[in-house]
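What follows is the residue order along each chain.
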Amino acid sequence: MIAGFSWLAGELLLPGLAVLCRDWRVLQGAVTAVLALLAACWWCPALLLESPCWLLATQQPDKARRTLRALSGSGGAEEQSGTTAEPEALAEQCPQPRYHTVCEIFGTRVIWKNAVILGFTAFIGSGIRHCFTRNLAPHLPRFLPAYFALRGPEAAACLFLCVTAERCGRRAVLLLCAVLTGTASLLLLALTQYLLELIVLMLSVLGVTASHAVTMLSIFFASEVLPTVVRGAGLGLVVGANLVGSAAAPIAAVASSRGFFLHHLVFASFAILAVLSIMLLPESQGRRLPHSLQEGESQRRPPLFRRPPREDHLPLLAPRGIPHDYSRIVPSAQRALGSGRGPAGPPTET
């Protein structure tokens, strides 16, 4: 959600930057310079730390220990020793890192299904948006008012997801937004010439808001459903599908109105298909993130109207005065990593 608001803030600041630059070449150079500055952070690990969760999942405890020490640099020696106890114990069991590629997603069943469905919904959410914005164009003849008016539904979609995604569940909210997108698209496709102009305007605004919510929630949902070891690769596929759908808008604009009906018909049909495919997704609300491919494959589809039991009811940090006991953490982590030295023995009592 923070990334969605940051993207929206960048879109709102872009016209002001264009006014300051006054030339598209200067604007292109300014944007390229900012992107080059962000790319330079890749060579500076102190500015952009690696995820300790991913390092542990790929059996890199030494780097995970260094990252945790960098994150807890302001803490005392006691906190650092307790934080890095598990990586130091795992370093003796996992000397070789194990990396996973995007090709391993294609060899799975549940992970591949989730990635395809979420990529498909992100593609539909971004591709069908042009069908709604085209109906808003006659009411917004000037460029700047039209540009800022289209950012309003996107901001409303971000606020809607912040309020409902945590309370109602990711899958239920994604299904609701997909239903609203498909319904608005079908009504505009079949009844535009028979509806009042105000109703067409309201359906278009609703379609823009719901389609943007579908895109944002699909990307957010993918970051929770995909396992840690392939989360970056899978999330890249979903975001790539979103960008491919966004490319449909300029293609349809170049073709003018000659192929608009077919464009609208295809995406409206895809929206209905997306509604049916969302039913096959698992629910990630209140569930811990999967780390390995085995955990990702064990995800199951719960009933739609019955919320699964939460697994994050325990506090992240123990209250003060309660001693920290890590005797059961290390054996469980060793069993999860599947150490090649045989099964781990029973945990020692302290």
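Below is a short write-up of the structure. Source: prediction; values computed, not measured.

1. A short note on the overall build of the chain
- What the chain contains, in helices and strands, is 17 helices and 0 strands.
- Per-residue burial over the chain gives 37% buried out of 350 residues.
- Taking contacts inside the chain between residues at least 6 apart in sequence as the whole, the part at least 24 apart equals 75%.
- Just so you have it, the chain exposes about 20,700 Å², and 67% of that area is on carbon and sulfur atoms.

2. Points about a nonpolar patch on the surface
- On the surface, a nonpolar cluster with roughly 650 Å² of combined accessible area is contributed by Phe261, Leu262, Leu265, Val266, Phe270, Leu273 and Leu276.
- Note on placement: Phe261 falls in helix α15 (residues 260–278).

3. Topic: the pattern of salt bridges
- Within this structure, the stated rule accounts for 7 salt bridges.
- Where Arg65 meets Asp62, a salt bridge forms, and the shortest distance between an N and an O atom there is 3.1 Å. Note that Arg65 and Asp62 are positioned in helix α4 (residues 61–71) at a spacing of 3 residues, about one turn of the helix.
- Residue classification places Arg65 among the buried positions, given a relative accessible area of 16%.
- Among the ionic pairs, Arg170 bridges to Glu224, the shortest N-O distance being 2.9 Å. In this pair, Arg170 sits in helix α11 (residues 170–191) while Glu224 sits in helix α12 (residues 197–225), placing the two residues 54 residues apart along the sequence.

4. Looking at empty space enclosed by the protein
- Taken as a whole, this structure holds 1 cavity of 30 Å³ or more when the rule is applied.
- In this structure, the largest cavity encloses a volume near 50 Å³.
- Lining the largest cavity are Thr121, Ile124, Gly125, Ala178, Thr181, Ser211, Val214, Ala271 and Ala274.
- Put simply, the parts of the chain that give the lining of the largest cavity at least two residues each are α8 (110–127), α11, α12 and α15.
- Ranked by residues supplied to the lining of the largest cavity, first place goes to α8 with 3 residues.
- The class makeup of the residues in the lining of the largest cavity is 5 nonpolar, 4 polar and no charged.

5. Brief notes about the packing of aromatic side chains
- In this structure the tally under the stated criterion is 4 aromatic pairs.
- Here Phe123 and Phe267 contribute two aromatic rings whose centre-to-centre distance is 5.6 Å and whose plane-to-plane angle is 35°, an arrangement assigned as tilted. Remark: Phe267 occurs in helix α15 and Phe123 occurs in helix α8; sequence separation between them is 144 residues.
- Here Phe267 falls in the buried class, since its relative accessible area comes to 6%.
- With a centroid separation of 6.4 Å and an interplanar angle of 75°, the aromatic rings of Phe267 and Phe270 are classed as edge-to-face.

6. So, unusual backbone geometry
- For Arg22, which is not glycine, the phi dihedral falls at a positive 65°.
- The topology assignment puts Arg22 in the loop between α1 (2–21) and α2 (24–40).
- For Arg22, a relative accessible area of 77% gives the class exposed.
- Positive phi, normally seen in glycine, also occurs at Gln59, with a value near 60°.
- Mapping Gln59 onto the fold places it in the loop between α3 (52–57) and α4.

7. Digging into the layout of surface pockets
- Space inside the second largest pocket adds up to approximately 880 Å³.
- Lining the second largest pocket are 29 residues, with Trp7, Arg129, His212, Thr215 and Asn242 positioned closest to its centre.
- For the lining of the second largest pocket, the secondary structure elements donating two or more residues are α1, α9 (129–136), α10 (143–168), α12, α13 (231–246) and α14 (248–254).
- The residue makeup of the lining of the second largest pocket, split by class, is 16 nonpolar, 8 polar and 5 charged.

Cut-offs used in this document
- Residues numbered from 1 in each chain as written.
- Predicted model: local features only at pLDDT ≥ 70, side-chain atom pairs only at ≥ 80, totals over all residues.
- Heavy atoms only, no water.
- Helix = DSSP H or I, 4+ residues; strand = E, 2+ residues; numbered from the N terminus.
- Buried < 20%, exposed > 50% of the residue type's maximum accessible area, 1.4 Å probe, protein only.
- Contact = heavy atoms within 4.5 Å.
- Areas by Shrake-Rupley, 256 points an atom, 1.4 Å probe, with all protein chains shown as cover.
- Patch = residues over 30% accessible without salt bridge, like charges linked within 9 Å, V, L, I, M, F, W, Y side chains within 5 Å.
- Salt bridge = Lys/Arg side-chain N within 4 Å of Asp/Glu carboxyl O.
- 1 Å grid on protein atoms, 1.4 Å probe; cavity = no way out; pocket = protein on both sides within 12 Å on 5 of 7 lines; lining within 4 Å.
- Points joined across faces, edges and corners; volume = space filled by probe spheres on them.
- Nonpolar A, V, L, I, M, F, W, Y, C, P; charged D, E, K, R; others polar.
- Phe/Tyr/Trp six-rings, centres within 6.5 Å; stacked < 30°, edge-to-face > 60°.

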